[in-house]
Each structure stands twice: as C-alpha cells, then as structure tokens.
Amino acid sequence: MSNFTVISDADLNAWLEEHQAWSLANDEVFIHLEFENFVEAFGFISRVAILAEKQNHHPRLENVYNKVKLFLSTHDAGNKITTKDLELAEAIERLK
Ligand code: H2B
C-alpha cells in the first residue's frame, strides 16, 4: 500500500499560493536557490540528502557553482505530485 496521495490541481494551486518560493513546471514542484559559493550550496544539498533519506523521498537536483535547483515529483505515482512531495518541500523550507 502506498503512503502517499496524488494532489488535486485545486489543492496544488492552494499550496503554491501559500508557498511562494515554489513553482510548478512539467508535473514537478521546484525551487531555485542561490548561496554565497559552492561550499554553501553543497552543504545545503547535503542537508537535503539527509532529509530525503529520512523521508525516503528524493528530489531531482541540479547544481551549478552557487545555484541549487530542486525538483519534486513521485516516481512511484507515475511522476505525479503527491503528499510526499509537499511534505519534503515543507521540510526543505525549514532547512533554509
Ligand atoms: N523519491 C521520489 N521522488 N519518488 C519516489 O517515488 C520515490 C523516491 N520512491 N524515493 C522511493 C524512493 C522508492 O523508490 C523506495 C523503494 O522506497
């Protein structure tokens, strides 16, 4: 049995209203972050990695020097956005 629920468009739009740092593209919620330098950016990625392991839910991520992009969707749901993605996004918010 899966421990997630696919988010409806209405609920997703309401969530995005309340979490302005996040956006939607191609069935992923994403955030773009900028740090002082590569070490700060990679430190943040490491903290996200620990969180992802704890939640057993993992972002797609991109890094170029001081920039980090995180993209969330649920592979096990056919790459849809689920409660697991919004839980991870909110936990990432608390890391910032
Ligand atoms: N991360 C994401 N983003 N989506 C998933 O469906 C997913 C995951 N599934 N991390 C987990 C791991 C699954 O593959 C393991 C077996 O629980």
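Look up a bit, the structure's there.
Residues numbered from 1 in each chain as written. Predicted model: local features only at pLDDT ≥ 70, side-chain atom pairs only at ≥ 80, totals over all residues. Heavy atoms only, no water.

Caption draft 1: Geometry of the site of the ligand. Around the ligand, the neighbouring residues are Asn56, His57, His58, Ser73, Thr74, His75 and Asp76. Between the ligand and asparagine 56 there is a distance of 2.7 Å, counted from an oxygen atom to a side-chain nitrogen or oxygen. In this structure, an oxygen atom belonging to the ligand sits 3.0 Å away from a main-chain N or O atom of histidine 75. Comparing atom positions with the cavity grids shows the ligand to sit within the largest pocket. (Near = heavy atom within 4 Å. Polar contact = N/O pair within 3.5 Å; in protein donor to acceptor, adjacent residues only side chain to side chain. 1 Å grid on protein atoms, 1.4 Å probe; cavity = no way out; pocket = protein on both sides within 12 Å on 5 of 7 lines; lining within 4 Å. Sits in = over half its atoms within 2 Å of the grid points.)

Caption draft 2: Summary view of the sheet that holds strand β3 (residues 60-64). The strand order across the open sheet built from four strands is β1-β2-β4-β3, with neighbouring strands paired in antiparallel fashion. Looking at the sheet topology across the chains shown, the edges are occupied by β1 (23-25) and β3. Each neighbouring strand pair of the sheet contributes to a mean axis angle of 25°, computed without reference to strand direction. Where strand β2 (residues 28-34) meets strand β4 (residues 67-72), six bridges bridge the pair, whose relative direction is antiparallel. Bridge assignment links valine 29 to a residue of β4, and that residue is leucine 72. (Pairing = 2+ DSSP bridges. Helix = DSSP H or I, 4+ residues; strand = E, 2+ residues; numbered from the N terminus. Axes fitted to C-alpha atoms, helices over the stretch in contact; angles between N-to-C directions.)

Caption draft 3: View of the layout of surface pockets. Of the pockets and cavities examined, the largest pocket occupies roughly 170 Å³. Lining the largest pocket are Ser2, Asn3, Phe4, Asn56, His57, His58, Ser73, Thr74, His75, Asp76 and Lys84. Counted by class, the lining of the largest pocket contains one nonpolar, eight polar and two charged residues. (Points joined across faces, edges and corners; volume = space filled by probe spheres on them. Nonpolar A, V, L, I, M, F, W, Y, C, P; charged D, E, K, R; others polar.)

Caption draft 4: Summary view of the nonpolar core. Counting 23 residues, the largest nonpolar core has Leu12, Trp22, Val29, Phe44, Leu70 and Ile92 as its most contacted members. For this core, the secondary structure elements donating two or more residues are α1 (9-18), β2, α2 (38-55), β4 and α3 (83-95). With six residues, the top contributor of residues to this core is α3. Those residues within four positions of leucine 12 in sequence are excluded, and the remaining contacts are Ile7, Leu24, Val29, Ile81 and Leu86. (Core = buried A, V, L, I, M, F, W, Y, C linked by side-chain atoms within 4.5 Å. Buried < 20%, exposed > 50% of the residue type's maximum accessible area, 1.4 Å probe, protein only. Contact = heavy atoms within 4.5 Å.)

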